[in-house]
Amino acid sequence: MKIAITPAPALVRRLSGLLPGAERSSAAGSSPRTGEAGKATDPGQPPSGRPLPDAAVSRRALVGSIGAAGALAVVAACTTSQDRPDPHAPKPVPDKGRHDGTHSNGHGNDQHDDTQDNGQWEGSDHGDPNGDIRTLTSQVKLPAQFRSPLPVPQQLEPTRRTSDTDYYEIVQSPATVEIIPGLRTPIMGYNGTFPGPTIVQNPGRRVVVTHKNALSVPTVVHLHGGTTPDDSDGYPTDFVLPAQTYGTFPTMPAMPAMPGMPAMSDPDAVVTRMQRDYTYPPQPRAGTLWYHDHRMAFTGPSVYRGLAGFHIAHDTEEQALPLPRGARDVPLMIADRAFASDGSFMYPAIDPTMRTTPGVDKPWVNGVMGDVILVNGAPWPVMKVDTARYRFRILNASNARTYQLALQNSSQGFTQIGTDHGLLPAPLHQDTVVIAPAERFDVVVDFSGHKVGDEITLVNRLGSDSTAAVMHFVVARATKDSSSIPSTLSRTSPITPSGSMTRRTMKFHRGGQGEWLINDQAFDPSVSQADVPAGSTEIWTIISDFHHPFHIHNATVQVISRDGKAPGRYDQGWKDTVFVNKGEKVQLAIRFSDLKGRFVFHCHNLEHEDMAMMATFRIT
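Rules of the game
Residues numbered from 1 in each chain as written. Predicted model: local features only at pLDDT ≥ 70, side-chain atom pairs only at ≥ 80, totals over all residues. Heavy atoms only, no water. Helix = DSSP H or I, 4+ residues; strand = E, 2+ residues; numbered from the N terminus. Buried < 20%, exposed > 50% of the residue type's maximum accessible area, 1.4 Å probe, protein only. Areas by Shrake-Rupley, 256 points an atom, 1.4 Å probe, with all protein chains shown as cover. Pairing = 2+ DSSP bridges. Axes fitted to C-alpha atoms, helices over the stretch in contact; angles between N-to-C directions. Phe/Tyr/Trp six-rings, centres within 6.5 Å; stacked < 30°, edge-to-face > 60°. Core = buried A, V, L, I, M, F, W, Y, C linked by side-chain atoms within 4.5 Å. Contact = heavy atoms within 4.5 Å.

Enquirer: Got a sec to walk through the overall build of the chain? Specific residues and values, please.
Expert: Across its full length, the chain carries 4 helices and 35 strands. Counting all 620 residues of the chain, 63% fall into the buried class. Total accessible area computed for the chain in this model is approximately 21500 Å², and 50% of it derives from carbon and sulfur atoms.

Written out as C-alpha cells, the structure reads:
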C-alpha cells in the first residue's frame, strides 16, 4: 500500500504553534531505573484502552513528509513547592548566572529567558546555550538531593554467539518505575528500564540486536555515533510497527502542494511489523555510543519517556591502556525531566498519546527542559567511591539542555581522555566540561587525593536552584589503585583542509512560519542535500541562528574553526555531535563512512529535530 501525503496548511500552522488552542497541560510519562515490564499503562495507548482495527501494512511504505513543524510523523500515527532543602544534605553553590524563570503552573514561565552570565558561561562569545529555552516546573514536591544511590545500567548478555557475531534481543515495552519516592512513573523502556541495558561491543565482533516492539506506537532505533549500514542506521521513516491490534497508518487523502512546500513521499522507507534486526559491524574506534529512538517527528517524546541506552565499543588500542576499568569504568547518562502530580513525566506534546499529531505546544518550540536532573534514571544520586581513579563516560541525553559540569569541593578537575568517537591523542585537563545534547565526554576523576569521608558534588554551572546540582560522590573506602593515565592515548592526527575537498554550507535557521529548517528546507526524505563519495572528507560550514547541536550519521567530524578562530577546548578529537551556538559559524572536516546509502544529519535539540530540522544525505 502506498500512501502519498501532502501538508495541509491548517495542520502546518498548528504544528508551527501559530494556531490557538495548543497551550494546555500535557503530562505523559516515561523513564525508569528498574521496571515492571508489561504492567504499566503504555503512554501511547488510546485513552479508551481499546485496540484499533487491524490493517495491512506493506514492507515498502510510501511515507509522507509534512515538513514545517515536524508534521512528518503523521504518517507514523495510528488511526485512531519544590522540597525545602534538607539541612543535613550537602549544599552545592547555586549558580547565579542563569535563571530558569519558571513558576508553578506546571508549564514554567511563558516568558523567554534572555539572561546571560558571561562570568559563569565559559563557552563562546555567543551567550548562554540555554537562553530562550524554557524549563518545565514539576507539580510534585521534589525529593531531597543526594539520597538515591547511583544505579548502573545492566550489561546485556548475548542470547548466542558465533565465531564473529554476538546476538542480542531487546523488547521495547511499557513499564512503571519509582523515580520520585512514593510515586510511580510510566515509561517506554528498552527491556522495560531507563536507561536501557548496556551493550558492549568488543574488538572485531559484529553485533546483531533484534528489537521487538511491544509498545502501541511505531519505533525506530538509531545507534548514535555508530558506523552502520543504511538499513540498520535508524532512518527516521524505517518504522518498526506495533502489533496489528494497535492499528496502522492512516490513509490520508491526497492534498495539493502548498507554495514553497511541494507534496512529499518516501518510496524507500522500509517498514517492519513488531521486530527488526539491527546489524552493527565491528566499530572502527573505541567509543561511548548510545542507542535511542529516532522515529520521525516523535523522537523528543520517545527519548523523554525512556527510550535510550548505552552501547560501549572497545578496540585493542584502548584495551591495552592502564585506564580505570571494571567497576571504576562508569557510564553516566544525564537527563533533565519534569514530573506531573501523579508521578508521570510532564512533556508538552500536542498529542500525549504519540498517535496523531506530532509537535509540542507553542511555548516549547525552542526546546523542552525539566527541573529534575536524573543520572542513570535517578534524581541527583550519590555514589560511594574509593580513593582511586574513576573513568566516567558522560552522556548528555537531555532533549535540549546544555550543562557546564564542575567538581565542587575538589581541586582535581577532570582529565578528559575521550570524546564522542573515542580517545584523544593525549589527556587534556578540564576545570569544567560543557556538554550539549547528545555529546559524550570520557573523563577520569582522581579521588586518591581525598580522605575517607570527603564529599564532592558534580554541579552544573549553567543551572539554578534544582538544576544547579547533578550528583554527589562520597569517598567511602581507602584502597590501592593500579590504574594510570598515559601521556599518549591514541594514534590520531588532525585533518588539514585542502583545496581539493568539497565545501558546503549548511544554514540551520527558523523559517517564516516558525518551523526549523536547514538551508530553507524542512526535512524531506526524497531530497538529498548532499551526495558524498564513500570514504571521502569534506569541509562543511554550519551557520546557526539559535543553539543547535549539529549531529551527522555514519560519519566522524573534526572541528576546524569557530568564527574563523581556533577550535575551543571542548572541540578536541573525533566527534559526531558539535554544538553551534546562536550566531556562530563553525567549520567542520567530515570524514564519511565507506558504507553507502541514505543517512541524515540534523539538530539534536530533539524538539527542533521533530519540527523538521533534519536533512538527508547520500553516501555514494
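Enquirer: Which residues make up the sheet that holds strand β29 (residues 537–544), and what values do they have?
Expert: The strands making up a sheet associate through hydrogen bonds between their backbones, and the pairing can be parallel or antiparallel. Spatially, the 5 strands line up as an open sheet ordered β27-β26-β29-β33-β31, and their pairing is mixed. At either end of the open sheet lies a strand with only one pairing partner, and these are β27 (516–518) and β31 (555–562). Adjacent strand axes in the sheet meet at a mean angle of 25 degrees, parallel and antiparallel pairs treated alike. Taken together, the 3 bridges between strand β26 (residues 503–510) and β27 define a ladder with antiparallel strand orientation. Among the inter-strand pairings, His-509 is bridged to a residue of β27, identified as Leu-517.

Enquirer: So what's going on with the packing of aromatic side chains? Which residues, and what values?
Expert: Taken as a whole and assessed by the stated rule, the structure comprises 19 aromatic pairs. Here the aromatic rings of Phe-441 and Tyr-570 are separated by 6.2 Å at their centres, their planes lie at 75 degrees, and the arrangement is edge-to-face. Placement of the pair is Phe-441 in strand β23 (residues 440–446) and Tyr-570 in the loop between β31 and β32 (577–580), with a sequence separation of 129 residues. On the basis of relative accessibility, which here comes to 15%, the residue Tyr-570 falls in the buried class. On the numbers, 6.1 Å between centres and 45 degrees between planes, the contact of Phe-550 with Phe-601 is tilted. On the criterion of sequence distance, the pair formed by Phe-550 in strand β30 (residues 548–552) and Phe-601 in strand β34 (residues 597–603) is long-range, its members being 51 residues apart. Looking at Phe-601, the relative accessible area reads 0%, which means it is buried.

Enquirer: Account for the nonpolar core, with residues named and values stated.
Expert: In this structure, Phe-392, Leu-405, Phe-473, Trp-540, Phe-550, Ile-552 and Phe-601 are the most contacted members of the largest nonpolar core, which totals 98 residues. Excluding its chain neighbours within four sequence positions, the residues that come into contact with Ile-552 are Trp-540, Val-557, Asp-576, Ile-590, Phe-592, Val-600, Phe-601 and Phe-617. In this structure, Leu-215, Val-240, Tyr-291 and Phe-298 belong to the second largest nonpolar core, which totals 31 residues.

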